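# Summary of the model geometry
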Amino acid sequence: MAAVLDDPVGASLDGRHAHLARRVGRAATYLPDVSTFATVPPDPDAAAWNDLARLLGRGALADLFSSPATPPPDWEPVFTLDGFQLLWPEDHPAAAAPEAVELGAADVPEMLDLAARTRPGPFWPRTREMGTYLGVRENGTLVAMAGERLRPPGWTEISAVCTLPEARGRGHAARLVTTLAARILARGDRPFLHVAEKNTTALSLYERLGFEIRRPVTFRGFRIP
Ligand SMILES: CC(C)(COP(=O)(O)OP(=O)(O)OC[C@H]1O[C@@H](n2cnc3c(N)ncnc32)[C@H](O)[C@@H]1OP(=O)(O)O)[C@@H](O)C(=O)NCCC(=O)NCCS
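Residues numbered from 1 in each chain as written. Predicted model: local features only at pLDDT ≥ 70, side-chain atom pairs only at ≥ 80, totals over all residues. Heavy atoms only, no water.

### Structural notes on the sheet that holds strand 3 (residues 38-39)
Quick reminder of the rule: A pair of strands is labelled paired if DSSP reports no fewer than 2 bridges between them. Labels follow the DSSP assignment, with helices taken as runs of H or I lasting at least four residues and strands as runs of E lasting at least two, numbered in each case from the N terminus. Should any heavy atoms of two residues lie within 4.5 Å, those residues are counted as being in contact. Where helices are involved, their axes are fitted lines through C-alpha atoms of the stretch in contact, as for all axes, and angles between N-to-C directions lie from 0 to 180°.
Spatially, three strands are ordered 1-2-3 in an open sheet, and the strand pairing comes out antiparallel. In this open sheet, the two edge strands, each paired with only one partner strand, are strand 1 (21-24) and strand 3. Here strand 2 (residues 27-30) runs beside strand 3; their pairing, made up of two bridges, is antiparallel. Within the sheet, the bridge partner assigned to Thr 29 lies in strand 3 and is Ala 38. Where helix 2 (residues 46-56) meets the sheet, it contacts strand 1, strand 2 and strand 3, and its direction lies at approximately 35 degrees from that of strand 2.

### A short note on the site of the ligand
The cut-off we apply is this: By convention in these notes, a residue is near a molecule or strand provided one of its non-hydrogen atoms lies within 4 Å of it. Between N or O atoms, a polar contact is any pair within 3.5 Å; within protein, one atom must be a potential hydrogen donor and the other a potential acceptor, and residues adjacent in sequence are included only when both atoms are from side chains.
Around the ligand, the structure places 19 residues, and the nearest of them are Val 161, Gly 169, Gly 171, Asn 199 and Arg 208. Here an oxygen atom of the ligand and a backbone polar atom of Gly 169 are 2.8 Å apart. The side chain of Asn 199 places a nitrogen or oxygen atom 2.7 Å from an oxygen atom of the ligand. Breaking the shell around the ligand down by element, the ones donating at least two residues are strand 9 (155-163), helix 4 (172-186), strand 10 (190-196) and helix 5 (200-209). Of all the elements, helix 5 adds the most residues to the shell around the ligand, at four residues.

### Topic: the domain arrangement of the chain
When the parts of a complex come together, some accessible area is lost, and that lost area is often used as the size of the interface. To keep it simple, the criterion reads: What marks off one domain from the next here is an automatic or database domain assignment. In this description, buried area is defined as the sum, over both parts, of the accessible area (probe of 1.4 Å) that is lost when the two are combined.
What the domain assignment lists for the chain is domain 1 (2-82) and domain 2 (86-215). Computed from C-alpha coordinates alone, the two centres of domain 1 and domain 2 are separated by 24 Å. Taken residue by residue, the interface counts 24 residues in domain 1 and 24 residues in domain 2. Surface buried jointly by domain 1 and domain 2 totals about 2,100 Å² across both partners, of which 61% is contributed by carbon and sulfur atoms. The three residues of domain 1 that bury the most area against domain 2 are Leu 5, Arg 16 and Asp 33, which together make up 30% of that side's buried surface.

### Some points on the environment of Leu 193
Selection criterion: The classification of residues rests on relative accessible area computed with a 1.4 Å probe and restricted to protein chains. Under 20% of the type maximum is buried, over 50% is exposed, and intermediate values are partly exposed.
Turning to its location among the elements, Leu 193 is positioned in strand 10. On the basis of relative accessibility, which here comes to 0%, the residue Leu 193 falls in the buried class. When the C-alpha atoms of Leu 193 and Leu 176 are compared, they prove to be 14 Å apart, with 17 residues separating the residues in sequence.

### Things to note about the UniProt feature "domain: N-acetyltransferase" (unreviewed entry) in the chain
Condition: UniProt positions are given in the numbering used here, feature names are shortened, and annotations may be inferred rather than shown by experiment.
Mapped onto this structure's residue numbering, the UniProt feature "domain: N-acetyltransferase" (unreviewed entry) falls at residues 98-225. The distance separating the terminal C-alpha atoms of residues 98-225 is 50 Å; by composition the span is 28% helix and 34% strand.

### Some points on the packing of aromatic side chains
Here is the rule we go by: Between rings of Phe, Tyr and Trp, where Trp is taken as its six-membered ring, a pair exists when centres lie within 6.5 Å; planes separated by under 30 degrees are stacked, by over 60 edge-to-face, and by other angles tilted.
Inspection of every chain in the model, using the stated rule, returns eight aromatic pairs. With a centroid separation of 4.6 Å and 55 degrees between ring planes, the pair formed by Phe 37 and Phe 65 is classed as tilted. Residue Phe 37 is found in the loop between strand 2 and strand 3, and its partner Phe 65 is found in the loop between strand 4 (61-63) and strand 5 (76-87); the two are separated by 28 residues along the sequence. Its relative accessible area of 4% is what places Phe 65 among the buried residues. The interplanar angle of 65 degrees and the centroid separation of 5.0 Å between the aromatic rings of Phe 65 and Phe 219 together place this pair among those described as edge-to-face. With Phe 65 in the loop between strand 4 and strand 5 and Phe 219 in strand 11 (residues 212-223), this pair connects stretches of sequence that are 154 residues apart.

See the structure below:
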């Protein structure tokens, strides 16, 4: 069942995120401002890379997420980031916290600002449409958030976990992640997430909450010639 997590972008775009997909041939990506993640089939041939180039355009960033596929040699590497994919164990319970509030379209400017100040990973104006995003406010200010991103069959990824520096260490992230996990489990999915290898604060938080490492991953992006 975890095999769909080997290509979580493709498995989401083929299924529950089909309404957010753009496609050319066998290549797919998200709508602009939702996500830059793109996918080609496993073991792509030259035609599949051509499909992706036509989909994204010359000079564009091909953000391959965790795909191990190697693009043609003239596709210039833009970034490489080592990390881990973690899974919520089967039958591991999660309790929802009452202070988490659902964030809507009107909250997007504050969510973008929070993401820009904390850098939890990519977050765009329409990323919220990928799932449910929850936040915590202190005196009206959004100080922490977390949300749902990739959605392969049977799984929901927790993402954009972030807390303003002045509000850290109070358990906001822990409560937001467990609240999302409770919601995900209640609809029959299992939570998973990704974290950069160097982000030891987040990694130890996730492991303390019960997440277990499934595999190392490498996030890569290439410039299309
Ligand atoms: C990772 C992050 C979301 C944690 O947010 P948080 O609300 O401080 O999280 P919590 O309070 O639930 O737990 C933080 C951990 O740091 C400890 N801590 C204590 N004081 C702290 C402080 N002043 N600042 C940060 N962490 C502190 C907490 O005890 C806890 O440790 P534990 O997991 O061993 O119990 C936050 O540091 C952040 O926004 N980082 C930048 C964005 C990011 O990397 N996001 C994760 C992407 S995968």
